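# An overview of the molecular structure
The primary structure of each chain is shown beneath.
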Amino acid sequence: MKLQRTNTQKVVRFLGNNTVPILFLVICAFGIPLSGYSANYLISEIVVRIARNSFLIVSLLIPILAGMGLNFGMVLGAMAGQIGLIFISDWGVVGIPGMILAMIISTPISILLGVWCGKILNMAKGREMVTSYIIGFFMNGIYQLVVLYGMGKVIPIRSAALILPRGYGVRNTVNLIGIRKSLDGLVAVKIFGIPIPLATIVVITALCFFVLWFKKTKLGQDMRAVGQDMEVARAAGIRVEHTRIVSIVISTVFAGFGMIIYLQNIGTLNTYNSHSQIGMFSVAALLVGGASVSKANIRNVFLGVILFHLMFIVSPMAGKNLIGQAQLGEYFRVFVSYGVITVSLVLYEVRKKRDLGFAGQQLAADQEEN
């Protein structure tokens, strides 16, 4: 006998599964009128944020498919991308060739870091998210050691505009004027007066199609099997540990590419801080789109970018108009970034226990019938 959920239970389940997106819809609906921004301005800003952040967020999908949760270790790829940008700035390579060269430089670094990170996560099964978060902090120290003391002293850097006056170490800010909006402006069109970075959107779309295709490949199916049950996958002959490492490597490489796309949009590299919050904000945006630790898709990416960054745009002005202090909005959006991750993880555990309870009721009903 198969137990049926009542309509009330279905509604409760829907609300439980979509609590975070609904909450952000309410926040945005409340904040937009208070901010006083026009619809044209908000749409223009959202288009910019979609082009700037989507590639980074899509890079989180593959590890989730493999059952490794939210990859906070994506910051390793972001650091690799930044190292590539520092080198092309020193060499004076500009435009699209400069971006491509930065990606080429970042790729082997991302692969090495991804393999190392994946091996550590294999030793911390069941605690991948917190482990990847701590790995990000550890590698941030190594990155700063290399950039602050190694570059200019051990690693040749010729440009005086990059090196600190003492003769070694990269300056706090690197001007990326050579590649600023190289991809965004490659094929730019305007729709109703709103600039659309068509080339960037095409690249992001290509990545989305790659992810959809990858899920159907043998490796993608292996990752799905590993994500569902590692022991069953191992019994089926799947190399579980290797598959998990590959998922982290792919995510890290894509994060490096995504960081380069992100920074070419901004046009400035904050050498020691640009990468520090990128993992947190990317994870938060994905969760805002309705994703969970064990399930995420392309729809979650774009819904999350729109809702999360819409809140980022309107909150400072809404705070200023509401109580006269824009700083409240700044505090609020940082608080929400951390809060949404906490709420999503709690809700995930609640849903998991609820589903286990329903499965237990189903099993009990089947035994009574037999």
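Attention here is on the structure that accompanies the text. (Residues numbered from 1 in each chain as written. Predicted model: local features only at pLDDT ≥ 70, side-chain atom pairs only at ≥ 80, totals over all residues. Heavy atoms only, no water.)

## Focus on the pairing of strand 3 (residues 194-197)
Each regular strand carries side chains that alternate between the two faces of the sheet. Two strands pair when backbone bridges link them, and strand 2 (residues 188-191) and strand 3 are joined in this way by four bridges, in the antiparallel orientation. Bridging across to strand 3, lysine 190 finds its partner in proline 195. Where strand 2 folds back on strand 3, the antiparallel hairpin that results is connected by two residues, among which phenylalanine 192 adopts a positive phi of roughly 55 degrees. (Pairing = 2+ DSSP bridges. Helix = DSSP H or I, 4+ residues; strand = E, 2+ residues; numbered from the N terminus.)

## Regarding the environment of glycine 150
Assignment of secondary structure puts glycine 150 in helix 7 (residues 128-150). Between the alpha carbons of glycine 150 and glycine 169 there is a distance of 6.7 Å; along the sequence they are 19 residues apart. Excluding its chain neighbours within four sequence positions, the residues that come into contact with glycine 150 are Leu145 and Ile155. (Contact = heavy atoms within 4.5 Å.)

## Thoughts on the pattern of salt bridges
Counted under the stated rule, the structure contains six salt bridges. Bridged by salt links that share partners, the residues Lys125, Glu231, Arg234 and Glu241 form one connected network. (Salt bridge = Lys/Arg side-chain N within 4 Å of Asp/Glu carboxyl O.)

## Structural notes on the packing of helix 3 (residues 39-58) against helix 8 (residues 198-216)
Direction vectors running N to C along helix 3 and helix 8 enclose 20 degrees, while the axes themselves pass 9 Å from each other. When the axis of helix 3 is compared with that of helix 8, the two are roughly parallel. In the packing of helix 3 onto helix 8, the handedness of the crossing is left-handed. Contacts between helix 3 and helix 8 pair Ile50, Ala51, Ser54, Phe55 and Val58 from the former with Thr200, Val203, Ile204, Leu207, Cys208 and Val211 from the latter. By residue class, the composition of the contact of helix 3 with helix 8 is nine nonpolar, two polar and no charged. (Axes fitted to C-alpha atoms, helices over the stretch in contact; angles between N-to-C directions. Parallel < 35°, antiparallel > 145°, perpendicular 65-115°, else oblique. Left-handed = near helix turned anticlockwise from the far one by under 90°. Nonpolar A, V, L, I, M, F, W, Y, C, P; charged D, E, K, R; others polar.)

## Focus on the packing of helix 5 (residues 75-91) against helix 7
The relative placement of two packed helices is expressed as an angle between their axes plus a distance between the axes. In contact at an axis separation of 9 Å, helix 5 and helix 7 are set at 15 degrees when each is read in the N-to-C sense. In terms of orientation, helix 5 lies roughly parallel with respect to helix 7. Crossing hand, helix 5 versus helix 7: right-handed. Residues Val75, Leu76, Met79, Gln82, Ile83 and Ile86 of helix 5 lie in contact with helix 7, whose contacting residues are Ile135, Gly136, Met139, Asn140, Tyr143 and Val147. Within the contact of helix 5 with helix 7, the residues separate by chemical class into nine nonpolar, three polar and no charged.

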